[in-house]
Amino acid sequence: MTSSVSSPVRLSPAALRDLWLAVLRKLEPKIQRSQFITWFRDTAILGLEEGTLVVGLPLPMSLNWHLEHYRAQTLQAAQEMDPSIRQVVYQVDGGLKDDPARTFDLLQHFAEPKRRKLPGKQEVKLAEGIVSKILTPRYTLENFVVGSGNRLAYAACQAVAQQPGGKYNPLFLYGGVGLGKTHLLQATGNAILKQMPKATVVYTTTEDFTNQVIEAIQHQKMEQLRRRYRVVDVLIIDDVQFLANKERTQEEFFHTFNALYEEHKQVIISADRPPQELDLDDRLASRFERGMIADVSAPDYETRLAILIEKAKEYELFIDMQVLQFIAEHATKNVRELEGILMQAVAQYELEQRVPTVKSIAEIMVKLNKDPHAQESPVGFEVPLKRKASFQDLMEAVSRYYSVSMQDIVGASRVREILLPRQIAMYLAKKYQPLSYVRIGELFSGRDHTTVMNAVQKIERKMHNDSQLLREVRALEKELDFVS
Ligand code: ADP
Ligand code: MG
């Protein structure tokens, strides 16, 4: 280390995050959208010291690409934000991949340009140069699926949509990621605009708001910023947990909030925790507690299934009910996860013309690292009373899993697509049903018992060195509750 004459200012993780978002904002218009989303997904600033900006990449394979294509642009954008930055270096950090606290959901932060240009009411004309994200028209109260975990929040949003600035002011929604907070917030904004197209509805994330405050401070335009917000009718601010440790932004927000509140303007807020658990100035937290607080929690099985049916309809995806049930049973974490799996299925369908089956979905889930068979008992999913699976259940499961009819399974066809499921069915029948080889042969259209024996042995042998097959058999066993 050199002398500490000008000791470098170390930025907090939150400040680095803000800086990165600002840099991304500069880069995004210069890069083709698909490229931008692909290469900047799960990136972050890992550090900034003595003019060297360390950019973290989630995968080693994107390193060269960044070096070749984006380094100069990234440096330029970073310098616009902070002129003391002299170079950009990269570092691969595999942990970025599953760390939404450090990275940005680009699809959310950078709405599709197509949508931005949408004419009509969604294009809110905001007076005084107020910045608002365009509300995504896709988020409506109508297409929000109501279940036990979000009923109260939904009802509150409906009430606010009918009477903004009324009883439920402010409205504070909280809950974990991917459970529908942003959807509800934007849907409420959309609903208000539908009834009152002239209303000034501002939807902003805490990050955007913070950036505005920072910019206003830099350019000594604080007064102007305050004035701007006075004309707002409805202020929606998403993810206020990010206000923690941002004293100045909190203070500004406090003033803005008070001004609006006194004028009976509606304020709608979301966070990942209830107000008292947020690391906020007490004054602000107690303001949040004045109105209505509702939590959004994980959907139960029925709600997950209803959501999947709704989304499949939205994406015009024809998907078998049993497949949807399979997803709903196994993807239990949050709604975003459900949607992610469905989107993969859509992609698969569009690219490969493959109709989603339980098997292909199971593969997708494995790929997404969500081994459907390595899950604990899902939250809120009521396990039906256990009954030992019968031979009929077994046949149905195999038929569903491989999308092959039961007639074909017991029938005569020898094409591989049918032969394998048949052999697996025989194997499972022998292993888990109290049936002899002879009896199984009879059940499979009167085949000879040696055919059954051969099939069983073949599957047993193949499972040793065919991990795909092994996974499939395990999946079926699990589904039939033969093993736990
Ligand atoms: P959060 O803001 O709580 O992290 P989002 O609102 O971004 O979650 O939800 C993630 C995705 O799940 C969105 O695409 C949203 O439309 C969808 N979603 C969540 N809950 C529901 C629901 N109850 N009905 C329909 N879609 C939902
Ligand atoms: Mg959100």
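Here the structure is a predicted model, which means the values were calculated and not measured.

Considering the site of ligand 1
Not every one of the 19 residues close to ligand 1 is listed here, only the nearest: G178, K181, T182, H183 and E339. A distance of 3.2 Å is found between an oxygen atom of ligand 1 and a backbone nitrogen or oxygen belonging to L179. Isolated, ligand 1 exposes 560 Å² of accessible area, and the fraction of that covered by the protein chains is 96%. Contributing elements (two or more residues each) for the shell around ligand 1: α7 (181-195), α12 (301-314) and α14 (335-352). Class assignment for the residues of the shell around ligand 1 results in seven nonpolar, seven polar and five charged.

Some points on the environment of F288
With respect to the secondary-structure elements, F288 resides in helix α11 (residues 282-288). The class of F288 is buried, set by a relative accessible area of 0%. Placed 13 residues apart in sequence, F288 and P275 show a C-alpha to C-alpha distance of 6.4 Å. Setting aside anything within four residues of it in sequence, one finds F288 in contact with P170, F172, V240, F253, F257, I269, P275, L280 and I293.

A few points about the packing of aromatic side chains
The full count for this structure, using the stated rule, is 15 aromatic pairs. Residues F257 and F288 carry aromatic rings whose centres are separated by 6.1 Å and whose planes lie at 75 degrees to one another, so their mutual orientation is edge-to-face. A residue pair is termed long-range when its members are at least 10 positions apart, and F257 in helix α10 (residues 247-262) and F288 in helix α11 qualify at 31 residues. By relative accessible area, F257 is classed as buried at 0%. In textbook terms, an aromatic cluster arises when at least three aromatic residues are bridged by ring pairs, as seen for F172, F209, Y229, F253, F257, Y261 and F288. Over the ring of F242 we find R17, and its NZ or CZ is 4.9 Å from the ring centre.

Re the nonpolar core
Counting 58 residues, the largest nonpolar core has I327, I361, L394, I424 and L428 as the members making the most contacts within it. For this core, the secondary-structure elements that each account for two or more residues are α12, α13 (321-330), α14, α15 (358-367), α16 (391-402), α18 (416-432), α20 (449-465) and α21 (467-479). Counting residues per element, this core draws most heavily on α18, which supplies nine residues. Beyond its immediate stretch of four places on either side in the chain, I424 contacts Y402, I459, L469, V473 and L476.

Let's talk about α14
In a regular helix each residue adds 1.5 Å, so 18 residues correspond to 26 Å; α14 covers 25 Å between its end C-alpha atoms and thus fits that length. Those residues of α14 not exposed but buried are V335, E337, L338, E339, I341, L342, A345, V346 and Q348. Tucked inside the fold, the buried residues of α14 contact α12, α13 and α15. Capping the start of α14, N334 holds a side-chain oxygen 2.9 Å from the backbone nitrogen of R336, two or three residues further along. Following α14 by one or two positions, Q353 adopts a phi angle in the positive range, close to 55 degrees.

Some remarks on the sheet that holds strand β1 (residues 44-49)
Strands in a sheet are paired, the pairing made by backbone hydrogen bonds, and the direction either parallel or antiparallel. With mixed pairing, the three strands of this open sheet are ordered in space as β1-β2-β3. Sheet topology places β1 and β3 (87-92) at the edges, where each strand pairs with a single neighbour. Geometrically, the sheet is characterised by an average inter-axis angle of 25 degrees between neighbouring strands, direction not taken into account. With six bridges connecting them, strand β2 (residues 52-57) and β3 associate as parallel partners. Its bridge partner being in β3, G56 is matched across the sheet by Q91.

A short note on the pairing of strand β5 (residues 201-205)
Most of β5 sits inside the fold, with five of its five residues counted as buried. Burial of β5 is two-sided: the residues V201, Y203 and T205 facing one way and the residues V202 and T204 facing the other way are all buried. As paired strands, β5 and strand β6 (residues 234-238) are joined by five bridges and run parallel to one another. Counted as the bridge partner of T204 is I237 from β6.

Let's talk about the sheet that holds β6
Judged by pairing direction, the sheet is parallel, and its five strands sit side by side in the order β5-β6-β7-β4-β8 without closing on themselves. At either margin of the open sheet sits one strand with a lone partner, and together these are β5 and β8 (292-295). Direction aside, the axes of adjacent strands within the sheet are offset by 15 degrees on average. The sheet contact formed by strand β4 (residues 171-174) and β8 spans four bridges and is parallel. When the sheet's bridge partners are listed, F172 is paired in β8 with I293. Along the sheet face, α10 touches β6 and β7 (266-271) and points at about 145 degrees away from the line of β6.

Some remarks on the side chain of R422
When you line up the elements, R422 lands in helix α18. For R422, which is buried and forms no salt bridge, the nearest opposite charge comes from D408, at a distance of 6.7 Å.

Digging into the pairing of β1
In the sheet, β1 pairs with β2 via five bridges, with the strands oriented antiparallel. Across the sheet, the residue bridging to L48 is L53, located in β2.

Topic: the confidence of the model for the protein chain
Detail in the predicted coordinates should be disregarded across regions flagged by low pLDDT. With 89% of its residues at a pLDDT of at least 70, the protein chain reaches an overall mean of 85. In the predicted structure, residues 114-123 sits below a pLDDT of 50 and forms 17 contacts with residues beyond four places in sequence or in another chain. When the criterion is pLDDT under 50, residues 374-386 qualifies, and its contacts beyond four places in sequence or with other chains add up to 17 contacts.

Rules used in this analysis
- Residues numbered from 1 in each chain as written.
- Chains lettered and ligands numbered in written order.
- Predicted model: local features only at pLDDT ≥ 70, side-chain atom pairs only at ≥ 80, totals over all residues.
- Heavy atoms only, no water.
- Near = heavy atom within 4 Å.
- Polar contact = N/O pair within 3.5 Å; in protein donor to acceptor, adjacent residues only side chain to side chain.
- Areas by Shrake-Rupley, 256 points an atom, 1.4 Å probe, with all protein chains shown as cover.
- Helix = DSSP H or I, 4+ residues; strand = E, 2+ residues; numbered from the N terminus.
- Nonpolar A, V, L, I, M, F, W, Y, C, P; charged D, E, K, R; others polar.
- Buried < 20%, exposed > 50% of the residue type's maximum accessible area, 1.4 Å probe, protein only.
- Contact = heavy atoms within 4.5 Å.
- Phe/Tyr/Trp six-rings, centres within 6.5 Å; stacked < 30°, edge-to-face > 60°.
- Lys NZ or Arg CZ within 6 Å of the ring centre and 35° of its normal.
- Core = buried A, V, L, I, M, F, W, Y, C linked by side-chain atoms within 4.5 Å.
- Expected span 1.5 Å × (residues − 1).
- Pairing = 2+ DSSP bridges.
- Axes fitted to C-alpha atoms, helices over the stretch in contact; angles between N-to-C directions.
- Lys, Arg positive; Asp, Glu negative; His and termini not counted.
- Salt bridge = Lys/Arg side-chain N within 4 Å of Asp/Glu carboxyl O.
- pLDDT = per-residue confidence, 0-100.

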